[in-house]
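# What the coordinates show
Now for the letters of each chain:
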Amino acid sequence: MKIDVVSIFPGYFDALELSLLGKARQRGLIDLRVHDLRESAHDKHRTVDDTPTGGGAGMVMKPEPWGAALDAVLTADDAGDDPLVIFPSPAGDVFTQAMARELADESHLVFGCGRYEGIDQRVFDEYASRGRVRLVSIGDYVLNGGEVATIAMIEAIGRLVPGVVGNPESLVEESHEEDGLLEYPSYTKPATWRDRAVPEVLLSGNHAAITQWRQEQRVERTRRVRPELLPWALRGDTRGRHAADD
Ligand code: ADE
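First, a word on what this report is: a plain description of the structure on this page. (Residues numbered from 1 in each chain as written. Predicted model: local features only at pLDDT ≥ 70, side-chain atom pairs only at ≥ 80, totals over all residues. Heavy atoms only, no water.)

## Overview of the site of the ligand
- Taken together, the neighbourhood of the ligand is formed by Pro-88, Ser-89, Pro-90, Val-136, Ser-137, Ile-138, Gly-139, Tyr-141, Val-142, Leu-143, Gly-145 and Ala-149.
- Taking Ser-89, its main chain carries an N or O atom lying 3.1 Å from a nitrogen atom of the ligand.
- For the ligand, the protein covers 96% of the area, taking 260 Å² as the surface of the free molecule.
- At the level of secondary structure, the elements contributing two or more residues to the shell around the ligand comprise β5 (84–94) and β7 (132–137). (Near = heavy atom within 4 Å. Polar contact = N/O pair within 3.5 Å; in protein donor to acceptor, adjacent residues only side chain to side chain. Areas by Shrake-Rupley, 256 points an atom, 1.4 Å probe, with all protein chains shown as cover. Helix = DSSP H or I, 4+ residues; strand = E, 2+ residues; numbered from the N terminus.)

This is the structure in structure tokens:
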């Protein structure tokens, strides 16, 4: 999978050199390129923002640097590639595990990280008229820019790319996967730590009993922490809460 990121803070993405994603990049499974938006700003001060037309607080990102940066990324594209451009935004569709699965099937993702009060609307309109564009939110809170949201999305999507996680079974037994329930609590050795014993059933060697206990824990935990996930999770609808709400 090819991923391009455009940002005025390329340093944020150093975190993606670590751990599983870093290894996947070294192994060529994920080709991630980070581009500094300021290099596409051609005035003396490399200006990327200006005051909002019509007045108001804060600054808006200018369209010209975005146009130059995105044109460069999109025209460098391989023939036949149909890139999806994602702008992280609190005004976008909410990112879910279902969306991560959908995006893991793409061959080329381009993330445009806005800052300040956002990007001039004409940038979205321009690229939506030329190809596929999505605004995506990682939750109902406001970040200072799209960088942290992009890192979260790349990590969630990247680990679903075949070969990135060594044991694909470990992807299935997780919160929000399979049947949409939260995951069961996990334990390792020692059997007792600070007077806290591992639940006896896990030491019993009875695999059917262990499977049943874990499933009960998942339902109980989901009921307690995220009751709104339960109705569709119990119906076995794996498309995700938001799809099921339609
Ligand atoms: N930019 C600022 N807040 C955001 C959010 N919640 N999700 C995605 N991008 C953002």
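## Looking at unusual backbone geometry
- Here Lys-189 and Pro-190 are connected by a cis peptide whose omega angle stands at 5 degrees.
- With respect to the helices and strands, the residue Pro-190 is situated in the loop between α6 (169–172) and β8 (192–193).
- The phi dihedral of Arg-194 falls on the positive side, at around 50 degrees, and the residue is not glycine.
- Note that Arg-194 resides in the loop between β8 and β9 (196–197).
- Residue class for Arg-194 comes out exposed when judged on its relative accessible area of 66%.
- If you check the backbone angles, Asp-195 has positive phi at about 65 degrees while not being a glycine. (Buried < 20%, exposed > 50% of the residue type's maximum accessible area, 1.4 Å probe, protein only.)

## Notes on the side chain of Glu-106
- Tracing the backbone shows Glu-106 in the loop between α3 (97–104) and β6 (108–112).
- Judged by its relative accessible area of 18%, Glu-106 is buried.
- Of the polar contacts made by the side chain of Glu-106, one reaches the side chain of Arg-132; its length is 2.7 Å.
- Those residues within four positions of Glu-106 in sequence are excluded, and the remaining contacts are Met-1, Asp-82, Leu-84 and Arg-132. (Contact = heavy atoms within 4.5 Å.)

## A short note on a nonpolar patch on the surface
- A surface patch of nonpolar side chains, about 440 Å² in accessible area, is lined by Phe-9, Tyr-12, Tyr-141, Leu-143 and Val-148.
- Within the element layout of this structure, Leu-143 appears in the loop between β7 and α5 (147–158).
- Judged by its relative accessible area of 34%, Leu-143 is partly exposed. (Patch = residues over 30% accessible without salt bridge, like charges linked within 9 Å, V, L, I, M, F, W, Y side chains within 5 Å. Salt bridge = Lys/Arg side-chain N within 4 Å of Asp/Glu carboxyl O.)

## Overview of the sheet that holds β6
- Spatially, five strands are ordered β2-β1-β6-β5-β7 in an open sheet, and the strand pairing comes out parallel. Two strands close off the open sheet at either side, each with one partner strand: β2 (31–36) and β7. Taken pair by pair, the neighbouring strands of this sheet meet at an average axis angle of 30 degrees, ignoring direction.
- In the packing of helix α4 (residues 121–130) onto the sheet, the strands contacted are β5 and β7, and the crossing angle to β7 comes to about 135 degrees.
- Each of β1 (2–7), β2, β5, β6 and β7 is contacted by α5, which is oriented at about 160 degrees to β6, the strand it contacts most. (Pairing = 2+ DSSP bridges. Axes fitted to C-alpha atoms, helices over the stretch in contact; angles between N-to-C directions.)

## Here we look at the nonpolar core
- Counting 31 residues, the largest nonpolar core has Phe-95, Phe-111 and Ile-157 as its most contacted members.
- Looking at this core, the elements that each hand over two or more residues are β1, α1 (19–26), β5, α3, β6 and α5.
- Apart from the residues lying within four places of it in its own chain, the contact partners of Phe-111 are Ile-3, Asp-4, Val-5, Val-6, Ile-86, Thr-150, Met-153, Ile-154 and Ile-157.
- Counting 18 residues, the second largest nonpolar core, distinct from the first, contains Leu-37, Ala-69, Leu-74 and Phe-87. (Core = buried A, V, L, I, M, F, W, Y, C linked by side-chain atoms within 4.5 Å.)

## Things to note about the side chain of Ser-89
- Following the sequence through the fold, Ser-89 ends up in strand β5.
- Residue classification places Ser-89 among the buried positions, given a relative accessible area of 17%.
- Polar side-chain contacts of Ser-89 include one of 2.9 Å to the backbone nitrogen of Ala-91.
- Every residue in contact with Ser-89, bar those within four places of it in the chain, is listed here: Leu-135, Val-136 and Ser-137.

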